[in-house]
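# Survey of secondary and tertiary structure
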Amino acid sequence: MKSESVSGGSAAQGVRNRTDRDLGDCVRVLAEVHERDGYPVNWPDRPGEWLTPPSLVAAWVVELDGRIAGHVGLSRSDAGDAAPGLWSARAGVGVEETAVISRLFVAPSARGQGIGALLLARAVADARGRGLHPVLDVVASDTAAAALYERLGWQLLATVEQRWSPDQRVTVRCYAAAI
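Residues numbered from 1 in each chain as written. Predicted model: local features only at pLDDT ≥ 70, side-chain atom pairs only at ≥ 80, totals over all residues. Heavy atoms only, no water.

Under the definition given, this model contains eight salt bridges. The residue R111 makes a salt bridge to D37 at a minimum N-O spacing of 2.5 Å. Of this pair, R111 sits in the loop between β4 (98–106) and α4 (115–129) while D37 is found in helix α1 (residues 23–37), placing the two residues 74 residues apart along the sequence. Judged by relative accessible area, D37 falls into the partly exposed class, the value being 42%. A salt bridge links E150 to R173, with the nearest nitrogen and oxygen atoms 2.5 Å apart. You can see E150 sitting in helix α5 (residues 143–151) and its partner R173 sitting in strand β7 (residues 168–176), a full 23 residues away along the chain. Within this structure, R16, D22 and E63 form a network of salt bridges that share partners. (Salt bridge = Lys/Arg side-chain N within 4 Å of Asp/Glu carboxyl O. Helix = DSSP H or I, 4+ residues; strand = E, 2+ residues; numbered from the N terminus. Buried < 20%, exposed > 50% of the residue type's maximum accessible area, 1.4 Å probe, protein only.)

Right under this line is the structure:
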């Protein structure tokens, strides 16, 4: 696979497929993100498994100076995902024609270098290459992520409540990539 470069970072190695060896470093960066930003909202008991759900189709990382600086995954729709259903209803296609961009995060120390946009572009390109339309959701309180998606031309489908557990309902903003 062709590696895409990150502008502005010294020793940037670009986007590449995530390997099993990367998982520990991805969990470390995810912990930094969780501590700083509260993402994910609920820290998983097994963060490595959370980064590798059964529905995962592909995952990528960006390295800066030899260290993982960001991560994104691409998954098939799960039963609890709202964005695929919203897109399929709008487009008149089945949910199986969507791909969910998930687990997108950038190390706090690596922000402001376009890494999130680069990872998102890689996942979108892969989804489109598979003939799938990319969708995603974001917790409504994560205004920085929503601003990134909107700045990159993603279309807001709806803001909905999702039940994440019997005791937890979360408001999410559902987006679809521009056509």
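Once you've had a look at it, read on.
Here the protein chain averages 92 in pLDDT, while 93% of its residues score no lower than 70. This model gives residues 1–12 a pLDDT under 50, and the stretch forms 32 contacts once residues within four places in sequence are excluded. (pLDDT = per-residue confidence, 0-100. Contact = heavy atoms within 4.5 Å.)

Our focus in this paragraph is helix α3 (residues 82–91). Residues of α3 that are buried: A82, A83, P84, W87 and S88. If you follow the buried residues of α3, they end up packed against β4, β5 (133–139), β6 (155–165) and β7. G92 lies just past α3 and shows a positive phi near 70°.

Following the criterion strictly, the structure yields three aromatic pairs and no others. Pairing Y39 with W50 gives two aromatic rings, centres 5.9 Å apart and planes at 65°, and the pair type is edge-to-face. You can see Y39 sitting in the loop between α1 and α2 (47–50) and its partner W50 sitting in helix α2, a full eleven residues away along the chain. Overall, Y39 belongs to the partly exposed group, its relative accessible area being 23%. Between Y149 and W154, the ring centres sit 6.2 Å apart and the planes meet at 55°, which makes this aromatic pair tilted. The exposure class of Y149 is buried, given its relative accessible area of 7%. (Phe/Tyr/Trp six-rings, centres within 6.5 Å; stacked < 30°, edge-to-face > 60°.)

Looking now at the layout of surface pockets. Any space left empty among the atoms is revealed by the rolling of a water-sized probe across them. Size it by volume and the largest pocket reaches roughly 1400 Å³. Forming the boundary of the largest pocket are 48 residues, of which Y39, R103, L104, D137 and V138 lie nearest the centre. Listing elements by their share of the lining of the largest pocket, those giving two or more residues are α1, β4, α4, β5, α5, β6 and β7. The element that contributes the greatest number of residues to the lining of the largest pocket is β4, accounting for seven residues. The space that makes up the second largest pocket amounts to roughly 160 Å³. Lining the second largest pocket, in full, are R28, V29, E32, L64, D65, R67, I68, A69, A107, S109, A110 and Q113. Looking at the lining of the second largest pocket, the elements with two or more residues in it are α1 and β3 (67–75). Residues that form the lining of the second largest pocket fall into these classes: six nonpolar, two polar and four charged. (1 Å grid on protein atoms, 1.4 Å probe; cavity = no way out; pocket = protein on both sides within 12 Å on 5 of 7 lines; lining within 4 Å. Points joined across faces, edges and corners; volume = space filled by probe spheres on them. Nonpolar A, V, L, I, M, F, W, Y, C, P; charged D, E, K, R; others polar.)

What follows deals with unusual backbone geometry. In most cases, non-glycine residues show a negative phi, while peptide bonds are predominantly trans. In this structure, P40 follows Y39 across a cis peptide bond, with omega equal to 0°. As for its placement among the helices and strands, P40 is situated in the loop between α1 and α2. Its identity as a non-glycine residue notwithstanding, D65 has a phi of 50°, on the positive side. By secondary structure assignment, the location of D65 is in the loop between β2 (56–64) and β3.

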